[in-house]
Amino acid sequence: MSIEKDVVSRAIKGDGGAFAQLYEEHFDRIYRYVYLKVGNQAEAEDLTQEVFVKALEAIGSYKWRNLPFVAWLFRIAHNQVIDYLRKQGKVGKVVLEDDITLVSGSNPAFMAERELEIEELINNVKKLSPAQREVISLRFGSGLSVAEVAKALGKNPGTVKALQYNGIVALRKLMLGDR
Amino acid sequence: MTRKIEDIFDNCLESIFKGESIDDCLKAYPEQAPELEPLLKTSLVFMQRFSAIQPAPEFKARLGSQLQAMLYAKQKKAERRARIPIWQRRWALAMTAILGFLLIGVGTLAASAYALPDGSLYPVKLAGEQVKVTLAFSDIDKAKLHIQFAERRAGEMVEMARQGKGNEIFMLTEQVANHLDKVYVMEQPPEVEEKGPKMLAPTPTPAPSEGAEAYSKGRDAEELEMALSQSRAKSLAALRNALDKAPEELKPVLQQAIEDMEEDYNKTISIIESGSSQ
C-alpha cells in the first residue's frame, strides 16, 4: 500500500492524526487554488474552510477510484467555488478586492510590488479560457502533476499538456501586451 | 517519432519544478530551444508569482483546530457506538427512529420523502431508509433496498443539478457507490474469519442436499442482476437528460458523476454475475 493510501485509509476510519496530516499536506494548495478563483482573501478563507469541513464530513464515504486523494479534494474545492460564484452571479469572473494583503514582510516597497504582480497575475489568468485557467491554476498555483490534474478534471494527460502549453503561450502574450 | 512540443515543454517544466535551470532543459532540446526559452521564462515568472499567494498562518491554525475539534467529537461518538454490540445498535437505531417518527408525526416522515441533501428533513429521510434496511427480513430484501436507494440518490442528483449544486452531486455519487457496495458486501459473522467481500446472493456449486437452497440463491442473483440493470438504465438516463439541460459550469461534475456511477453499477453487476456463474 502506498504511503498516501495508508494515510487516507486511516483517515477514512476516523484517525484524527491521519486527517491532520492530509490537511497539512494540502491546505496551501487548496487555498491558493480557491484564491485564484475568487480573488478575495476573506472569501478564499471562507471557501477553504468549507472545503475542508466538507472533506471531513465526507471522508468516511471516500471511494478509491484510481483517483489520488488530492484530486478528490480539488473536486470538492472546484464544486464549492462554482456553487459560490453561481450564487454571487459571478460565474466566469474573478473579482479582485481593492485593498488586499497577500504577502507579508518588512519592506513596504517590496510588498507593494509583489501585490501588484499578483494582481496582474490574477487579471491575466482570468482572461484565459475556462479549461486553460483550470489547468494553469492547478498546475502552477497548486503544484499538481499533469496526471493529478488530469484525474481531477476528468481529462486525459495529453489534453492537460496541450491546455498547459496553450495557456502559457496566451499568458506570455498577455504579459507582453501589458507592457 | 517527433515529440510534440507540449510534451517537451511539460518535461522541461517538471525539471524546473525539481530545481533544474532553464538552460539545462534547452541543452536537452536544442532544436526546440528558440520556441521553448521564452515560454519557460514566462512559466518561471508565473511560478514565482503563484508562490507569493500565501494563506495567513493564523487562519490555517484556527481552521486546523476547528477540524480537530470536529474530529474529536466524531471519534467520541464512534467510541460510544462501538461499546454497543452491532445487533443491539441496529435494533436500537430502528427503535429510536420508529419512536422518533411517532413523535415527530407521520406528516414529517411523509414530507421527508421529498427532502433533498441540502434540506433539514434529509437526515430523517436517510434514517427512514436505514430503518427499512434494518427491518428487512432477508439479505436479498436488503440488497434490493440498497438498489432502490442508489436510484433515489440518482434522482436527487438530477434535482441538485437543476439547482446548480455541484458539490451535492459529487457527494451523492459517493453515496450511490456505497449503496451499490452494500448490494454484495455483507457483514462478516463474528465467529467466522473470512477474507474478502462476501456475496449477498452467492450461487455456490450446489451439493445434492443443498439443491433447493442453491436454486433459490441462483434466482436471487438473477433478480438482483435484473434490478441492478434496470436501476442503472433509469439512473443514467435521468442524469444524461439532466446533463443536456445543465449550465456549462456544472457539466463537468455531472459528466464525471455519470462516468463514476456507470462504473460502479457495472462493477456491482459483474460481481453478482461472476458469483452466480461459479
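Quick caveat, the model's predicted, so the values are computed rather than measured.

Enquirer: Explanation requested: the interface of chain B and chain A in the structure shown.
Expert: Much of the literature gives interface size as the accessible area that the parts lose upon coming together. Every contact between the two is made by 54 residues of chain B and, on the other side, 61 residues of chain A. With both sides pooled, the region where chain B packs onto chain A buries about 5500 Å², and carbon together with sulfur makes up 61% of that total. It is Arg49, Phe50 and Ile53 of chain B that lose the most area in chain B upon contact with chain A, and together they represent 14% of the buried surface on that side. Connecting chain B to chain A are 6 salt bridges. Across the salt bridge formed by Asp260 of chain B and Arg75 of chain A, the nearest N and O atoms sit 3.6 Å from each other. Between chain B and chain A we count 20 residue pairs in polar contact (both at pLDDT 80 or more) in total. Those elements that place two or more of their residues in the side of chain B that touches chain A are helix H1 (5-17), helix H3 (33-51), helix H4 (57-82), helix H9 (166-184) and helix H11 (251-277) of chain B.

Enquirer: When you look at the packing of aromatic side chains in this model, what are you seeing that I'm missing?
Expert: Each aromatic ring pair is specified by the distance between its two centres and by the angle formed by the two planes. Within the structure shown, the criterion is met by 16 aromatic pairs over all chains. Pairwise contacts between aromatic rings join Tyr23, Phe27, Tyr31, Tyr35 and Phe52 of chain A together with Phe59 of chain B into one cluster.

Enquirer: In this structure, what is going on with the packing of helix H7 (residues 122-135) of chain B against helix H8 (residues 139-162) of chain B? I would like to understand it.
Expert: Two packed helices can be described by the angle between their axes and the distance between those axes. Residue and element names in this part refer to chain B. The interhelical angle for the contact between H7 and H8, taken along N-to-C directions, is 160°, at an axis separation of 9 Å. The pairing of H7 with H8 is recorded here as roughly antiparallel in orientation. Crossing of H7 over H8 shows right-handed handedness. Counting all contacts with H7, which are made through Tyr122, Lys125, Leu126, Glu129, Lys132, Val133 and Thr134, the residues of H8 involved are Lys142, Leu145, His146, Phe149, Arg152, Arg153 and Glu156. Along the lines of polarity and charge, the residues of the contact of H7 with H8 split into 5 nonpolar, 2 polar and 7 charged.

Reading the values: rules and limits
- Residues numbered from 1 in each chain as written.
- Chains lettered and ligands numbered in written order.
- Predicted model: local features only at pLDDT ≥ 70, side-chain atom pairs only at ≥ 80, totals over all residues.
- Heavy atoms only, no water.
- Contact = heavy atoms within 4.5 Å.
- Buried area = accessible area lost by both parts, 1.4 Å probe.
- Salt bridge = Lys/Arg side-chain N within 4 Å of Asp/Glu carboxyl O.
- Polar contact = N/O pair within 3.5 Å; in protein donor to acceptor, adjacent residues only side chain to side chain.
- Helix = DSSP H or I, 4+ residues; strand = E, 2+ residues; numbered from the N terminus.
- Phe/Tyr/Trp six-rings, centres within 6.5 Å; stacked < 30°, edge-to-face > 60°.
- Axes fitted to C-alpha atoms, helices over the stretch in contact; angles between N-to-C directions.
- Parallel < 35°, antiparallel > 145°, perpendicular 65-115°, else oblique.
- Left-handed = near helix turned anticlockwise from the far one by under 90°.
- Nonpolar A, V, L, I, M, F, W, Y, C, P; charged D, E, K, R; others polar.

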